[in-house]
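# Structural overview for review
Residues per chain, in single letters:
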Amino acid sequence: MNKLCSVFWDVDGTLADTEMEGHRVAFNAAFAEAELAWFWDRHLYAELLRIPGGRQRVETYAGRLGEEFNEEFLAQLRRRKQHHYIERIRSGYVPWRPGVRRLLTELQLNGVEQWVVTTSGRDSVNALLEVNFPHGDSPFQGCITAEDVCLGKPHPEGYLQALCASGFNKNEVIVIEDSAAGLAAARAANLPCLLTPSPWDQELKSQFQQANAVFDHLGDKGLPCKVLVGPPCLQEQVKLEYLQRLIDMAPS
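Heads up: these notes are all about the structure in this document. Each chain carries its own residue numbering, running from 1 in the written order of its sequence. Only residues with pLDDT of 70 or above have their local features reported here, since the model is predicted, and side-chain atom pairs are shown and tallied only from 80 upward, although totals for entire chains, interfaces and linings are computed over all residues. Hydrogens are left out, water is left out, and the side-chain values use all remaining heavy atoms of the structure.

### Here we look at the overall build of the protein
Spelled out, the test is: For the purposes of this entry, the term helix denotes a DSSP run of H or I that reaches at least four residues, the term strand denotes a run of E that reaches at least two, and both are numbered from the N terminus. Here the radius of gyration uses the C-alpha set of atoms, whereas the globule reference equals 2.2 Å times the residue count to the power 0.38. Using a 1.4 Å probe on the protein chains alone, a residue whose accessible area is under 20% of its type maximum counts as buried, one over 50% counts as exposed, and one in between counts as partly exposed. Accessible surface is estimated by sampling points in the Shrake-Rupley manner with a 1.4 Å probe; for residues, cover comes only from the protein chains shown. His residues and chain termini do not enter the charge count, which takes Lys and Arg as positive and Asp and Glu as negative. Think of each charge as sitting on NZ of Lys, CZ of Arg, CG of Asp or CD of Glu.
Secondary structure assignment for the protein yields nine helices and seven strands. Taking 18 Å as the expected radius of gyration for a compact globule of 252 residues, we find that the protein reaches 18 Å, a close match to that expectation. Taking the principal axes of its C-alpha atoms as reference, the protein extends roughly 55 × 35 × 35 Å. The buried share of the protein, taken over its 252 residues, is 53%. Entry remark: accessible area of the protein is about 12000 Å², with carbon and sulfur atoms responsible for 50%. Here the protein contributes 25 positively and 33 negatively charged side chains, and the mean placements of these two sets differ by 4 Å.

Structure, rendered in structure tokens:
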């Protein structure tokens with residue numbers, strides 16, 4: 001029997017609801033400052049979220065419109081977007097998803113290492129963690145971000161790097177994700193994956209059976225979670241015991 005030693009967390013849509021009221025609003029503010037006649041409403045942004053990585057979304061959208069920007073412009077746009085995103089975090093517009101803080105704490109108290117593996121930039125991740133763990137008590141032992149990889153999700157490079165850096169074997173780790181790209185990355189790295197789907201990722205519904213378990217959220221006090229795929233969760237909250245059960249059931 002393998003013991004769960006580490007949990008690899010995605011960030012956007014998994015740890016926190018960062019996308020619609022965080023990243024999207026920050027992009028629109030940066031577009032306005034750059035005098036671009038662009039506005040990403042919720043419907044359009046949900047479509048663009050199929051593309052992992054903010055810069056890739058900008059370049060893809062520009063290509064649709066037949067526009068092209070030089071590196072200096074894109075770098076400046078990214079800096080302004082990051083500024084607005086960090087301000088959104090500090091102003092309380094980016095809440096944790098249900099059950100995340102509870103599970104982070106339980107895992108930390110039981111000596112389970114936790115890593116961030118994301119296609120977001122390091123500044124965005126640091127801002128989220130600094131605001132939510134202002135006393136330096138972050139539960140994360142390490143962080144793999146967009147700056148650390150050549151290929152983002154759905155490529156497994158980020159998860160493979162986290163495995164190497166953490167020193168754990170794939171049968172000692174579980175991934176928590178929210179998107180089709182994240183699920184594909186975890187599967188390509190041969191890691192078990194628990195999904196808490198984001199509501200805008202419609203593509204993911206057809207792929208639920210590829211995950212080891214799927215929940216609407218992780219569950220919290222007074223807010224029971226719902227199992228969509230996987231073994232029953234009698235406590236109505238995803239806890240260490242349940243994650244260990246998924247590790248036990250995963251193919252060697």
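Let's pick the thread back up.
### Considering the sheet that holds strand β2 (residues 113-117)
For clarity, the threshold we go by: Whether two strands pair comes down to DSSP finding at least two bridges between them. Axes here refer to lines fitted to C-alpha atoms; in helices the fit is confined to the stretch in contact. Angles between the N-to-C directions go from 0 to 180 degrees. Throughout, a contact is declared for two residues whenever any of their heavy atoms are within 4.5 Å.
Spatially, seven strands are ordered β3-β2-β1-β4-β5-β6-β7 in an open sheet, and the strand pairing comes out mixed. On the outer flanks of this sheet lie β3 (142-144) and β7 (227-229), each paired with one strand and no other. Strand-to-strand twist in this sheet, taken as the mean axis angle between neighbours without regard to direction, amounts to 25°. Across two bridges, the pairing between strand β6 (residues 213-215) and β7 is antiparallel. By the bridge assignment, V214 is partnered in β7 with V229. Against the sheet, helix α5 (residues 100-109) engages β1 (6-9), β2 and β4 (173-177), with an angle of about 150° to β1. Packing of helix α9 (residues 240-249) onto the sheet brings it into contact with β1, β4, β5 (193-195) and β6, and relative to β4 it is tilted by some 115°.

### Some points on α5
Buried within α5 we find V100, R102, L103, L104 and L107. Taken from the residues just after α5, G111 is the one with a positive phi, measuring 75°.

### Overview of helix α1 (residues 19-33)
To keep it simple, the criterion reads: The span one expects for a helix is its residue count, reduced by one, times 1.5 Å.
Here α1 contains 15 residues, and its C-alpha end-to-end distance of 20 Å stays within 8% of the 21 Å for a straight helix at 1.5 Å per residue. For α1, the full list of buried residues reads E19, M20, G22, H23, R24, A26, F27, N28, A30 and F31. Elements in contact with the buried residues of α1: α2 (42-48), α3 (54-64), α4 (71-90) and α6 (122-132). Among the residues trailing α1, E35 stands out with phi positive, at a value near 60°.

### Description of the packing of α3 against α4
Spelled out, the test is: Note on angle classes: values under 35 degrees are labelled roughly parallel, values over 145 roughly antiparallel, values of 65 to 115 roughly perpendicular, and the remainder oblique. If you view the pair so one helix is near and one far, a crossing is left-handed when the near helix is turned anticlockwise from the far one by less than a right angle, and right-handed when it is turned clockwise. Under the grouping applied here, Gly and all other residues not named as nonpolar or charged are polar, the nonpolar ones being Ala, Val, Leu, Ile, Met, Phe, Trp, Tyr, Cys and Pro and the charged ones Asp, Glu, Lys and Arg.
Between α3 and α4, whose axes approach to 11 Å, the crossing angle comes to 125°. Judged by the angle between their axes, α3 and α4 are oblique. Relative to α4, the crossing made by α3 is right-handed. Contacts from R55, V58 and E59 of α3 reach α4 at E71, L74 and L77. Grouping the constituent residues of the contact of α3 with α4 by class yields three nonpolar, no polar and three charged.

### Concerning the pattern of salt bridges
For clarity, the threshold we go by: Salt bridge, as used here, is a side-chain nitrogen of Lys or Arg placed within 4 Å of a carboxyl oxygen of Asp or Glu.
One pass over the full model with this rule turns up 12 salt bridges. A salt bridge links E59 to R55, with the nearest nitrogen and oxygen atoms 3.0 Å apart. A residue pair is termed a helical-turn pair when its members lie 3 or 4 positions apart in one helix, as E59 and R55 do in helix α3 at four residues. We classify E59 as partly exposed; its relative accessible area is 37%.

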